[in-house]
Amino acid sequence: MKTKKSIFSRVLIVGLSLTFFTFSCTDLDEELYSDVTADNFFNTDEEFIAALGAAYEGLRGIGNHSNLWSINEIASDELVITTKGGDWYDGGVLIQLHQHEYTPDNGFFNNAWTQMYGGVNTCNRLIYTFEQLGTPEADAFIAELRAIRALWYYWLVDSFGRVPLVTDFTDATVPANVERQQIYDFVESELNAIIEALPTAKDASTYGRMTKWAALAIRCKLYLNAEVYTGTAQWQKAADDARNIIDNGPFNLELTYSDNFAITNQGSNENILVYPYDKVFATGFNWPMMTLHYASQGVYNFTAQPWNGYATVEEFYNSYIDPAQNPGPQGDVWAGLAQTPSVGTQDARLTNFIVGPQFNPDGTRATDPGHEANDPDGPPLTFTPQNNEIYPNGWRQGGARIGKYEYEQGGTDNMSNDFVIFRLADIILSLAEAEFRGGDAPAALILVNNVRARAGVDPFPALTEDLLFAERGREMFAEMTRRQDLIRFGKYGDAWWEKGPSDDHYKLFPIPQPQIDSNNKLTQNDGYAGSGG
Amino acid sequence: MSRFYLYLSRCTTVLLMMTASVAWSQSTVSGRVTSADDGSGLPGVNVLEKGTQNGTVTNADGSYSLTVGGDATLVFSFVGFLTTEVAVGAQSTVDVALQSDVTALTEVVVVGYGTQEKKEITSAVSSVKETDFNRGTVNDPVQLLQGKVAGLNITRPGGDPNGGFAIRLRGVSTFGANTEPLIVIDGVIGGSLDTVDPNDIASVDILKDASAAAIYGSRGGSGVVLITTKSGKAGRVSVEYNGSVAAESIANTIDVMSAEEYRQVPGARDLGSSTDWLDQVTRTGRAMVHNLSVGGGTPTTTYRVSFNYRGEEGVGKASGFDQLNARLNLSQKALNDRATFTFGLSTTSKDAELGFDEAFNYAIIANPTMPIYDNTTTSPTAGANYGGYAERDIFDFYNPLSIVEQTVNDKKETRFLVSLRAEYDFSDIVEGLTASAFYSQQRENDLAGAFARKTSKLGGGNGLGRAARGTEDRFNHLFETTLNYNKGIGTADLNLLGGYSYQYFFTEGFGMEGGNFLTDAFTYNNMEAALDFQNGLGEVYSFAHSNTLVAFFGRANLNFAGNYFVSLSARYEGSSRFGENNKWGIFPAVSAGVTLSNLVSIPAVNSLKLRASYGITGNQPSDSYISLQRFGQTGSFFFNGIYGPSYGPISNPNPDLSWETKAEFDVGVDFSMLDNRLTGTIDYYTRNTKDLLVGVNVPVPPNLFRETIVNIGEIENQGLEFAFTYAAINKANFTWETGINWTNYLSNKIVSLTSGELSFGEGGVIYRSGMGSPGQNDTELVRVKEGDEFGQLWGPVKEGVNDDGTPKFADLNGDGTFCDCDDDRTVIGNGMPKFQFGFNNSFTLGNWDLNVFLRGTFGHDLLNSYRGFYENNEVTTVGNYNIVNTEYYDPAITKAVVNSSHVEDAWFIRLDNASLGYSFPMTGGAVNKFRLYFAAQNLFTITDYTGIDPEVRYADRGDSPTNPNDPGDGLSPGIERRSTYFTTRIFTFGVNLGF
């Protein structure tokens, strides 16, 4: 017979052991192993630098396909991506961009928008974080962050125009668009405030980062386009900033144009602001894939096969070799169907293009086994400046390809060349334009001819608006300035290859549809579906 | 004193004599056990001498023979029959006719944390017993149930031996979080099916509605599958061996042109040969299974040990696996039979060759005139640089045989599961009270290695070779305690359950990938030799994450006089994955039933039970840490001459993140009629899921990151399920049993995709799932729209063909032109099924047995990707690839644009498996069972679908899935991708032996 005491003790033991386990284990806090939270970050100097780096990270998209660079370039008369049979149709978005029939649901616009606002967001966040910290190291970075943010807003006011102005990271209200003038004013005031606080040295510590000269370059381009952005021209201010950079900045024109774009171009004296890509550490510069032919993989021994996309519009290419447009020493160039060399101007800037017959490293011709029946020379791979049509069966070998940045033998799909954002030649030509518009054509002519001399071509006897426009085109090919120039010179609505005349409202890109859908305070730009205007 | 001693010695003598007479009065009893219903002999009946451990089992004829002591009583017991005791007395022959159990509803069903008699169940629970499992070569436990349970759809498109099955219970009621049911193996919640060999499974119970699954709380939202493994039986030792060999071949693939047909097409690129590419990369597959199990025990100790070996050479060359699984189940009573300790240990070791599925994709679309080998450097198919395999310089094509022979893709899997349960019966202190404690630990380890030779065009690092090596370790342990109390109150029975559960998961892993090897000899076994690591081009990674689940649960079951049943349960559960403000949730359920046949006499009906239930279950997210604001490396930053990391936010915080909630109402009828020969179940369910866990795009200012995981949206499902079994003929020499189950999926609707200002998709609509390349990247195939049925396929409607060969599309918005935008596209199909059935017939004739199982699904469409890309005469299709040549091929079409003509009605009826066996009559001796059988799987499929497999696709895995266990995009059903393996047919020959 069991005693009460032994029953009780048995129950107690069992009960206690059960409850012991129960109440010790209701802890549901999450423990992180491979990530960090804000609590355990921002403790050391290296962490600050790493955090600052995030502000530049947003620039990494500038060298690949389907973002800001793509919409600027395909909508211009420089570059085009034709539909090659089953390749590159992609729902018609590329043709739409080229022909100025783009609509808000084109995915590239949303990519560009999120790319730019991602950058703005990061700058706002870091400015706020560093202001909270209040240490001198933190303050030193704030000027730099405001400059990066000004660059983003300069690109925003240039592409979408009427965008939300978001500067306060703690403000969680959903923003509405503001008018273009307001964004312009903001960029101007920001740059005015911080330009003197930025470093002026050009060395390893400032390479790839915002300096006073880079900020001046932004302001110069802002003033140059002021009439387009606000209706009020600011040629004098543009000229002043450009002169400041040319006279006081540590820059010179490189003797060889292509040195600015070489694989190891960090030594260039002409580049003012770059994004330092690297095929291992900072990938994303995909131009060899974007523009070269599938068989070019053998020509350069690439580890990946190119996609055969971007090609140059023939009229634009001809502006280099046609002696009537570009006087200079005559010699062998590739033109038209490129079966045999033609005679044309030997502009040093023809290094901008990969054109004509392509050869493998062992000297044999590269071949395109998938060529069309109507390809000018069949299997041998020849990039022909002449192209047949944009749709439906563009020649696979059609169009001069982008060769601006040097391609590496044995390279990967990412280049190590640093991407040039601002360059001295652009500032020189901007000064020329500002002076030309201000009435001083002879001074402008001298500057333009300096640039032409570096390119190895003859000086112009006199300067006209069209000549200035064309020279900018030749010098700044694929550097994301052509669309701006077309708009400023009033030529954006003109017809060109496979494009008819287009309406004025296309000068502003449409606010992307996903942004309109997720933010009911955003209104569409004039002329686009859903704008109400 | 002496008288006492005399008395004592007399007693002792008598005692001794009695014992002697007892000891030496052992006799042999024999006889035959038959069924009282029809007089047939019953094999396998346990015959036990009561009070001892002396027993035997009847042979195939029903005969037995046992040596017993004097005054013995024999106990005859067998499942489905009433246990009978017979005193031997002086007889030497004892024949017994066993009565079958009056109602089939006394069988026991496993429910959460316990068992319940079937007649008392008030929720929708389906049981599948071993005799009902699918037959043939079945390597994955889930496949045993395919088509057997109403409302449960198990699919594995194609026949990839290393591929997983998709399981959907009662349609799709979630898409962000876990869509698959919770698996519980012998009480281990979330146990891995890799630890269970199909031969070791005794029964599977599926908790279909919320009231049954609510006791599992935040993981029960998609249903619960309870697996019970075989355990030992007291009595004599039983040894079983099952072995089989099988041959597997291709059953169906898509029709493409032969070399002669291709040469006729204008623009064809004739490369000079005739090659059957699919033949080159496939072979007749072979499989072998050996299973040996030993079990037995005493009334206080039972055990079962089994060894299972499975090996398969897949139909695809360079694919297959080798696997050994060992399991021990041991149960021991102690402490005066009050305590029971149950110990389970299972370990699996698998060596798999996965191959690369791309080989089959390229084999199907390869130009049939292309030679296999080419050792030149200049011809259009020059392959001297590629190891002599012909290769072409076109977009997206690699020699399939080169992929098979020049690459390696291996995986070794180790699984380990151990569990211990201790139960104690407190009935001596408090009548009806038992307590239990349970602990289990599971560890899964994957070790993967992949390699491509320098000469391999796919993945070979462009002449440098490339290798990858990685491992992942998934660990979890579970601790549970429960208290159970049974009490009779008058005519009512009360059962109370209360418990606590704690489960902790930890996953970690690391890996590396790099190339540039001097030699191919190392494959992936010398990663140090990859020069990429020295050049900074190699990739190295490691990771870890964990999560915790804690719960308190309780249940009360009331049984009034065996006529009225009520069940109430609740689980209060917290998961570490939810946001700070919402870590805990409560999941209640209530159900009730009444056995009408006990109250009202209904002619021809033996039993009829009505039941209704309502319950709320939940679903937790599939990733940890998503409610937190996290920073991670977002790139590199060039600072002072070197590249360092740059850090930024990689998620937005959401402290309100909580579980998905599913409320379900179910009403059903269970009945049996015609002397219990016809039994059936009918269920109607309606379920409503709210607060689905999905990532929504948020405006880039002011949020930090472009996406936040939130609770948003609502889905509704309704359906009707039927299941009937009928023992049609039950004669001495011939039996026929038939069973059918079918499900009507009445509706599966997206009620809402918005919550306040947030919306998944823009304006209540999402378009997703691009067609892919070449050339159709931006074309979206699926629309998910608020207020519409789930599973819509989206695209333009083809009206005809234009003169230039482009398809002519309908102008749907009537504005005069076709705009190639959403205004001129519409719903062109729906990937979700409306109706599915499974139909089983079992026959026995003498010693022969035949089982045939048909199943089918109706009402779903499939988008045939192969046709959408390659069934046309477009310049690139003809010049680069082969042309798909189904009955729909139209040579006038010269542009590849996916449209309504590529969406096909994919109804099908399939003979899933059939088996024919012969059991040799055994007349005593060591062997008591010897059966040979022949089984065929996927014998034929009746369908109009021209693609590879008309099976439903619940989730889209894209064109080249790198991870076969990737669940895919649950929002995009209905697309047959180019990565679909062909379907296979398997013939198995096997033997079952019992000792």
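Every value quoted in this text rests on a predicted model; they were computed, and no experiment measured them.

So, about the overall build of chain B. Counting its regular elements, chain B contains nine helices and 52 strands. Against the globule reference of 30 Å for 995 residues, chain B gives a C-alpha radius of gyration of 32 Å, in line with a compact fold. Projected onto its principal axes, the C-alpha positions of chain B cover 120 × 70 × 60 Å. When each of the 995 residues of chain B is scored for burial, the buried share is 52%. By element, 55% of the accessible surface of chain B is carried by carbon and sulfur atoms, the whole surface being about 39,500 Å². Once the 73 positive and 110 negative side-chain charges of chain B are each reduced to a mean point, those two points are 6 Å apart.

What follows covers the nonpolar core. For soluble globular proteins, the rule of thumb is that nonpolar side chains tend to be buried together. Ranked by internal contacts, the top residues of the largest apolar core, which has 149 residues, are Trp-69, Trp-155, Trp-287 and Phe-419 of chain A. Per-element tally for this core: the top contributor is helix α6 (residues 136-159) of chain A, with 15 residues. Among residues more than four places away in sequence, those in contact with Trp-69 of chain A are Ile-62, Leu-79, Trp-287, Met-290, Tyr-310, Ile-402, Phe-419, Ala-478 and Met-480 of chain A. Listed in part, the 59 residues of the second largest apolar core include Val-172, Val-315, Phe-360 and Tyr-881 of chain B.

Bringing the pairing of strand β28 (residues 584-595) of chain B into the picture now. All names here are of chain B. Relative to β28, strand β27 (residues 564-575) runs antiparallel, the two sharing eleven bridges. Across the sheet, the residue bridging to Ser-569 is Ala-589, located in β28. By the bridge criterion, seven bridges tie β28 to strand β29 (residues 605-619) in an arrangement that is antiparallel. If you follow Ala-589 over to β29, its bridge partner there is Gly-615.

Right, let's get into the side chain of Ser-567 of chain B. All names here are of chain B. Locating Ser-567 in the fold gives a position in strand β27. Of note is the side chain of Ser-567, whose polar atom sits 2.8 Å from the side chain of Asn-557. With residues up to four places along the chain from it excluded, the contact list for Ser-567 reads Thr-122, Arg-555, Ala-556, Asn-557, Ala-589, Val-590 and Ser-591.

For the rest of this paragraph, the subject is the packing of helix α14 (residues 424-438) of chain A against helix α15 (residues 441-454) of chain A. Residue and element names in this part refer to chain A. Where α14 meets α15, the axes come as close as 7 Å, and the angle between the chain directions of the two elements is 155°. Of the possible angle classes, the one that applies to α14 and α15 is roughly antiparallel. The two elements α14 and α15 meet at a crossing, and its hand is left-handed. Seen from α14, the contacting residues are Ala-425, Ile-428, Leu-429, Leu-431, Ala-432, Glu-435 and Phe-436; seen from α15, they are Ala-441, Ala-443, Ala-444, Leu-447, Val-448, Val-451 and Arg-454. Of the residues contributing to the contact of α14 with α15, the split by class is twelve nonpolar, no polar and two charged.

Listed by partner, the interface residues are 74 residues for chain B and 80 residues for chain A. Surface buried jointly by chain B and chain A totals about 6,600 Å² across both partners, of which 60% is contributed by carbon and sulfur atoms. The largest per-residue losses of area from chain B upon contact with chain A belong to Phe-631, Phe-637 and Tyr-643 of chain B, which jointly make up 10% of the total buried on that side. Summed over the shared surface of chain B and chain A, the result is one salt bridge. Across the salt bridge formed by Arg-630 of chain B and Asp-35 of chain A, the nearest N and O atoms sit 3.4 Å from each other. Counting across the chain B and chain A interface gives twelve residue pairs in polar contact (both at pLDDT 80 or more). Every element with two or more residues in the side of chain B that touches chain A is listed here: β24 (466-489), β25 (492-515), β26 (539-560), β27, β30 (630-639), β31 (642-649), β39 (776-785) and α9 (875-880) of chain B. Split by residue class, the side of chain B that touches chain A holds 33 nonpolar, 28 polar and 13 charged.

All names here are of chain A. Together, Glu-131, Asp-139, Asp-168 and Asp-171 give the surface a local cluster of negative charge. Secondary-structure assignment places Glu-131 in helix α5 (residues 107-133). With a relative accessible area of 47%, Glu-131 lands in the partly exposed category.

What follows covers the sheet that holds strand β1 (residues 36-37) of chain A. Read from one edge to the other, the open sheet built from three strands follows the order β1(A)-β30(B)-β31(B), with strand pairing classed as antiparallel. Pairing within the sheet leaves two strands with one partner each, and these edge strands are β1 of chain A together with β31 of chain B. Relative to β30 of chain B, β1 of chain A runs antiparallel, the two sharing two bridges. Following the sheet pairing, Thr-37 of chain A is matched in β30 of chain B by Arg-630 of chain B. Strand contacts of helix α2 (residues 45-57) of chain A: β30 and β31 of chain B, with the helix running at about 85° to β31 of chain B, the strand carrying the most contacts.

Let us look at unusual backbone geometry. Look at the link from Tyr-391 of chain A to Pro-392 of chain A: it is a cis peptide, with omega at 0°. Notably, Met-480 of chain A is not glycine yet its phi reads approximately 70°, a positive angle. Take Met-480 of chain A: it is sitting in the loop between α16 (465-475) and α17 (482-488). Although it is not a glycine, Tyr-113 of chain B sits at a positive phi angle of roughly 55°.

Let us now look at the side chain of His-98 of chain A. All names here are of chain A. One can find His-98 in helix α4 (residues 93-98). On the basis of relative accessible area, His-98 is assigned to the buried category, the value being 0%. Within the local environment of His-98, its side chain forms a polar contact with the backbone oxygen of Trp-497, the two atoms lying 2.8 Å apart. In contact with His-98, other than residues within four places in its own chain, are Ile-74, Ser-76, Leu-79, Val-80, Val-313, Ile-390, Trp-496, Trp-497, Glu-498 and Lys-499.

All names here are of chain B. Judged by pairing direction, the sheet is mixed, and its three strands sit side by side in the order β47-β46-β51 without closing on themselves. Strands at the two margins of the open sheet, each flanked by one partner only, are β47 (903-905) and β51 (975-976). Across three bridges, strand β46 (residues 861-864) lies against β47 in antiparallel orientation. Along β47, the bridge assignment pairs Asp-861 with Asp-905.

Each disulfide consists of a covalent bond between the sulfur atoms of two cysteine residues. Residue and element names in this part refer to chain B. Under the defined criterion, the tally for this structure stands at one disulfide over all chains. The partner cysteine of Cys-819 in its disulfide is Cys-821, sulfur to sulfur 2.0 Å. Because the torsion about its S-S bond is -80°, the bridge between Cys-819 and Cys-821 counts as left-handed. With relative accessibility at 28%, the residue Cys-819 sits in the partly exposed group.

Analysis parameters
- Residues numbered from 1 in each chain as written.
- Chains lettered and ligands numbered in written order.
- Predicted model: local features only at pLDDT ≥ 70, side-chain atom pairs only at ≥ 80, totals over all residues.
- Heavy atoms only, no water.
- Helix = DSSP H or I, 4+ residues; strand = E, 2+ residues; numbered from the N terminus.
- Rg over C-alpha atoms; globule rule 2.2 N^0.38 Å.
- Buried < 20%, exposed > 50% of the residue type's maximum accessible area, 1.4 Å probe, protein only.
- Areas by Shrake-Rupley, 256 points an atom, 1.4 Å probe, with all protein chains shown as cover.
- Lys, Arg positive; Asp, Glu negative; His and termini not counted.
- Charge placed at Lys NZ, Arg CZ, Asp CG, Glu CD.
- Core = buried A, V, L, I, M, F, W, Y, C linked by side-chain atoms within 4.5 Å.
- Contact = heavy atoms within 4.5 Å.
- Pairing = 2+ DSSP bridges.
- Polar contact = N/O pair within 3.5 Å; in protein donor to acceptor, adjacent residues only side chain to side chain.
- Axes fitted to C-alpha atoms, helices over the stretch in contact; angles between N-to-C directions.
- Parallel < 35°, antiparallel > 145°, perpendicular 65-115°, else oblique.
- Left-handed = near helix turned anticlockwise from the far one by under 90°.
- Nonpolar A, V, L, I, M, F, W, Y, C, P; charged D, E, K, R; others polar.
- Buried area = accessible area lost by both parts, 1.4 Å probe.
- Salt bridge = Lys/Arg side-chain N within 4 Å of Asp/Glu carboxyl O.
- Patch = residues over 30% accessible without salt bridge, like charges linked within 9 Å, V, L, I, M, F, W, Y side chains within 5 Å.
- Disulfide = S-S within 2.5 Å.

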